[in-house]
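# Geometric and topological summary
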Amino acid sequence: MAPLAESVAAFYERYGLSSQQEGNARKAKSWSVNKSSSLYKINAWGSPYFSVNAEGNITVRPFGRHTKQNEEIDIFQTLEKAMEDKVLGDDFPFSPIILRFPDILKDRLETLQSAFDSAIQASHYEGRFQGVFPVKCNQDRSVVENIVKFGTPFHFGLEAGSKAELLLAMSSLCSGSPHALLVCNGYKDADYVALALLARKLRLNSFIVLEQEEELDLVINLSRSLCIEPLIGLRAKLHAKHNGHFGETSGENGKFGLTCMQIVNIVSKLRRCKMLHCLQLLHFHIGSQIPSLSVLYDGVSEAAHIYCELSNMGANMHCIDIGGGLGVDYDGSHFQESDMSVGYTVEEYAREVVLAVKDACYMKGVKQPTLCSESGRAIVSHHSVLVFDVVSAEEKIGTSEDEGVPLQVDGTLPDPIRRLCDDLAALIWVGNYESAMECANSVKLSSVRHFKKGELSLMHLASVNTLYDLIAGITEKRGHKMSPETSYDAVYHINLSIFRSMPDTWAIGQLFPIVPLQRLDEEPTIRAILSDLTCDSDGKISTFVGHEGMGSARSTCLRVHPLVRRKRYYLGMFLGGAYQEALGGIHNLFGAPPVVQISWKNRREMKTRKLQVSKVRDGQTISDVLKCMQFEPSAMLQTLHLALQRSLKDGLVEEEEDAMRALDCSFSSTTYLSTARSVASALLHTAVIG
Ligand SMILES: *Cc1c(COP(=O)(O)O)cnc(C)c1O
């Protein structure tokens with residue numbers, strides 16, 4: 001029987017259809033890296049941090065707009081070299097990896113600070129800007145410590161929303177600027193309040209932000225009994241609201257904050273207790289991904305008026321904390337009606353905030369306060385890139401070089417099916433693709449019927465399925481609109497758990513740009529959807545950043561290249577530095593990927609400059625994830641050992657040493673697919689293959 005590729009060619013020839021392979025070859029010649037760049041909209045969502053180089057690889061521009069050409073980092077080459085040099089240990093590159101670029105983090109912080117500095121200067125605003133990072137966006141130690149380090153020159157602080165986060169922020173800020181703010185948000189019990197008060201004794205500027213009226217009594221009583229004067233802030237519930245997905249926290253029915261009435265009550269109580277001077281900060285949070293400048297102005301303006309009223313009521317106000325919400329343009333559309341995009345720049349955002357606060361203060365004759373923001377997403381999203389490889393492809397059309405199921409369109413098919421196939425060919429010949437698809441479907445259904453009656457062999461059934469996919473491919477190529485389930489050519493299996501590493505795609509339909517990291521000088525001819533390692537039908541990605549020329553900001557497939565045997569094919573997920581790591585779970589027990597930090601060392605001394613690639617966090621092993629579910633690996637090993645000894649006694653195995661070594665090995669290995677073969681090697685009694 002002829003191999004698939006040949007049969008396919010024969011089929012094309014027989015029905016006068018041009019071969020797909022030929023078409024691809026023709027197209028490949030006119031392809032360029034610029035075409036890839038616009039196909040994946042890299043400039044739209046990635047500028048100034050990501051682009052494509054002449055070799056067709058994705059490069060990182062770690063210093064943003066200030067990056068020189070020789071400072072660009074080619075991710076694919078860096079990974080290949082790190083693998084060669086074995087700098088990253090066993091789990092590389094056999095599991096997904098989080099790459100962090102601390103220089104991007106620094107650039108994001110500086111961009112935010114300078115946007116506010118410029119806006120303040122331009123409008124002669126009298127206060128200054130002093131931001132905090134809400135640690136819930138990414139609590140990873142290297143991230144928090146870098147933010148504190150990079151932000152020290154402009155007194156950047158941290159925001160916490162729970163006791164654990166508060167402790168983390170307290171210890172991290174001990175090495176930060178003494179003027180940095182420590183904003184304590186979230187629901188509080190006595191311990192939370194006591195901890196925040198204790199922070200004052202460590203010379204930290206910890207603001208206890210009241211979310212609920214009842215928290216005030218805790219603060220008053222504890223501060224009196226501990227003899228520590230608190231810094232108090234209020235979280236206002238605004239009437240202003242944004243309508244996007246993340247707007248649920250805002251508006252009168254929002255989950256958080258104090259109503260006007262509660263604010264008035266708190267002021268009276270503080271005055272009665274002679275503590276009104278402790279009230280110094282007003283906080284609010286309109287919601288993440290604030291869609292437009294008008295929504296922003298509306299919210300900030302309302303809050304600024306509350307701020308001014310508090311000041312006029314006698315509180316010692318000097319800071320307005322505008323919360324988070326500075327958006328990230330995930331799909332690059334710059335479109336304010338979408339949750340995945342925002343219609344403004346950081347500079348425009350800063351100008352609008354300064355303007356709104358200034359207007360209110362001017363009107364009410366109040367001194368212009370220090371501006372604080374809790375931008376999380378906008379600070380950490382860009383500096384992390386999740387890299388994973390494609391382990392296999394399941395193609396819907398016969399485009400692979402593999403010898404698959406032979407296609408039989410000859411006399412060996414049962415007559416009814418054979419007749420249907422001829423009809424099908426006739427329909428394609430006259431260009432009636434809609435009917436052709438229907439006919440192909442009949443062929444398939446009737447074949448299944450024959451198969452169930454025992455009149456068709458498994459081989460025949462497989463042939464018919466191949467034929468169906470082929471017709472689907474041809475009709476689609478000829479411009480017939482397909483149903484969504486057939487509008488892709490292949491399912492690419494990725495070495496990743498979506499639940500672990502990009503949970504928001506599953507939970508709230510979040511869109512992250514995903515792009516091949518290499519071969520962008522070649523036309524990506526295959527339209528794929530991605531399917532992850534978990535045994536869960538939700539473990540797939542079928543919405544992507546829209547491709548050029550497709551009109552919409554979203555696309556139902558990702559353009560990728562055909563896999564080449566024994567060559568790794570890496571994909572990168574971008575802009576995922578916020579929220580994904582903490583939200584990710586261990587569905588199917590896939591663990592947290594290792595974290596690798598990449599940065600230039602001694603960048604200014606050109607001669608000694610070197611790209612430093614170092615692992616800052618190991619990936620979770622099988623043993624680690626088992627412990628999360630209260631299994632004790634050493635006890636498990638013991639149980640398995642006893643079972644092994646019984647098998648030994650029964651003569652089921654000859655010796656126990658190799659088996660024990662293999663079991664031992666498996667506990668400490670990666671949860672992802674790997675070519676390390678350490679367990680298999682142990683069993684085979686050979687040296688571990690690297
Ligand atoms: C989540 C949150 C933030 C961070 O919001 P981003 O949109 O990520 O900037 C800031 N402040 C509060 C109170 C939050 O709950």
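Residues numbered from 1 in each chain as written. Predicted model: local features only at pLDDT ≥ 70, side-chain atom pairs only at ≥ 80, totals over all residues. Heavy atoms only, no water.

Let us now look at the sheet that holds strand β7 (residues 181-184). If you trace the eight strands from one edge of the open sheet to the other, you get β5-β6-β7-β8-β9-β10-β11-β12, paired in parallel fashion. Since the sheet does not close on itself, it has two edges, and those belong to β5 (132-134) and β12 (370-372), each with one partner. Taken pair by pair, the neighbouring strands of this sheet meet at an average axis angle of 25°, ignoring direction. Where strand β8 (residues 205-210) and strand β9 (residues 231-235) come together, four bridges link them in parallel fashion. Bridge pairing links Phe-207 to Leu-231 in β9. (Pairing = 2+ DSSP bridges. Helix = DSSP H or I, 4+ residues; strand = E, 2+ residues; numbered from the N terminus. Axes fitted to C-alpha atoms, helices over the stretch in contact; angles between N-to-C directions.)

Close to the ligand lie 16 residues, the nearest being Lys-136, Ser-288, Glu-374, Gly-376 and Tyr-579. Side-chain polar atom of Glu-374 to a nitrogen atom of the ligand: 2.5 Å apart, as the coordinates give it. Residue Tyr-579 places a side-chain N or O atom 2.6 Å away from an oxygen atom belonging to the ligand. In isolation the ligand offers 390 Å² of accessible surface; the protein chains occlude 92% of this area. Taken together, the residues that form the shell around the ligand break down as three nonpolar, eight polar and five charged. (Near = heavy atom within 4 Å. Polar contact = N/O pair within 3.5 Å; in protein donor to acceptor, adjacent residues only side chain to side chain. Areas by Shrake-Rupley, 256 points an atom, 1.4 Å probe, with all protein chains shown as cover. Nonpolar A, V, L, I, M, F, W, Y, C, P; charged D, E, K, R; others polar.)

Relative to strand β13 (residues 384-395), strand β4 (residues 97-100) runs antiparallel, the two being bridged by four bridges. When the bridges of β13 are listed, Ile-97 appears paired with Val-387. One ladder, built from four bridges, connects β13 with strand β21 (residues 570-573); its direction is antiparallel. The residue of β21 that forms the bridge with Leu-386 is Met-573. Pairing analysis gives five bridges linking β13 to strand β14 (residues 490-494), with the strands arranged antiparallel. From the neighbouring strand, Glu-395 faces β14, where its bridge partner is Ala-490.

Time to look at the pattern of salt bridges. Enumeration over the complete set of coordinates arrives at 21 salt bridges. Glu-581 is the salt-bridge partner of Arg-100, the closest N and O atoms lying 2.8 Å from each other. Linking Arg-100 in strand β4 with Glu-581 in helix α20 (residues 580-583), this pair joins segments that are 481 residues apart in sequence. Given a relative accessible area of 19%, Glu-581 falls into the buried group. Through salt bridges that share partners, Arg-100, Asp-140, Glu-581 and Arg-617 make up one connected network. (Salt bridge = Lys/Arg side-chain N within 4 Å of Asp/Glu carboxyl O. Buried < 20%, exposed > 50% of the residue type's maximum accessible area, 1.4 Å probe, protein only.)

Once that is clear, we can look at helix α5 (residues 75-84). The set of residues buried in α5 consists of Ile-75, Phe-76, Thr-78, Leu-79 and Ala-82. End-on view of α5: buried residues confined to an arc of 165°, all on one side of the axis. Exposed side chains of α5 directed beyond 90 degrees from the buried face belong to Lys-81 and Glu-84. Near the N-terminus of α5, the side chain that reaches the backbone nitrogen of Phe-76, with its oxygen 3.2 Å away, is that of Asp-74. Positive phi shows up at Lys-86, right after α5, with a value of about 55°. (Arc of directions from axis to C-beta.)

What the three strands build is an open sheet, ordered β1-β2-β3; its pairing is antiparallel. Looking along the sheet, the strands with just one partner apiece sit at the ends: β1 (50-52) and β3 (73-74). As judged from the two bridges shared by strand β2 (residues 58-60) and β3, these two strands associate in the antiparallel manner. What sits directly across from Val-60, in β3, is Ile-73.

Let us now look at the confidence of the model for the protein. For the protein, per-residue confidence averages 88 on the pLDDT scale, and 88% of positions sit at 70 or higher. Scored below 50 in pLDDT, residues 1-9 shows 16 contacts in the model against residues more than four places distant or in partner chains. Below pLDDT 50 for its whole length, residues 398-406 participates in 19 contacts with residues either more than four positions away or in separate chains. (pLDDT = per-residue confidence, 0-100. Contact = heavy atoms within 4.5 Å.)

We now examine the environment of Gly-186. Topologically, Gly-186 is positioned in the loop between β7 and α9 (190-201). Residues Gly-186 and Arg-235, spaced 49 residues apart in sequence, show a C-alpha to C-alpha distance of 9.7 Å. Among all residues touching Gly-186, those that are not within four sequence positions of it are Gly-161, Glu-211 and Glu-215.

This part takes up the side chain of Ser-384. Looking at where Ser-384 falls in the secondary structure, it is placed in strand β13. Residue class for Ser-384 comes out buried when judged on its relative accessible area of 4%. A distance of 2.8 Å separates polar atoms of two side chains, one belonging to Ser-384 and the other to Arg-100.

The next point concerns the packing of aromatic side chains. Tallied over the full model, the rule gives 13 aromatic pairs. Both rings, one in Trp-45 and one in Phe-50, keep their centres 6.1 Å apart while their planes meet at 45°; by these two values the pair is tilted. In terms of burial, Trp-45 and Phe-50 fall into one category: buried. Considering the side-chain rings of Phe-499 and Trp-506, the 5.0 Å spacing of their centres and the 65° angle between planes classify their relative orientation as edge-to-face. With a relative accessible area of 6%, Phe-499 lands in the buried category. In this structure, Lys-188 packs its charged tip against the face of Tyr-192, placed 5.5 Å from the ring centre. Over the ring of Trp-600 we find Arg-609, and its NZ or CZ is 4.4 Å from the ring centre. (Phe/Tyr/Trp six-rings, centres within 6.5 Å; stacked < 30°, edge-to-face > 60°. Lys NZ or Arg CZ within 6 Å of the ring centre and 35° of its normal.)

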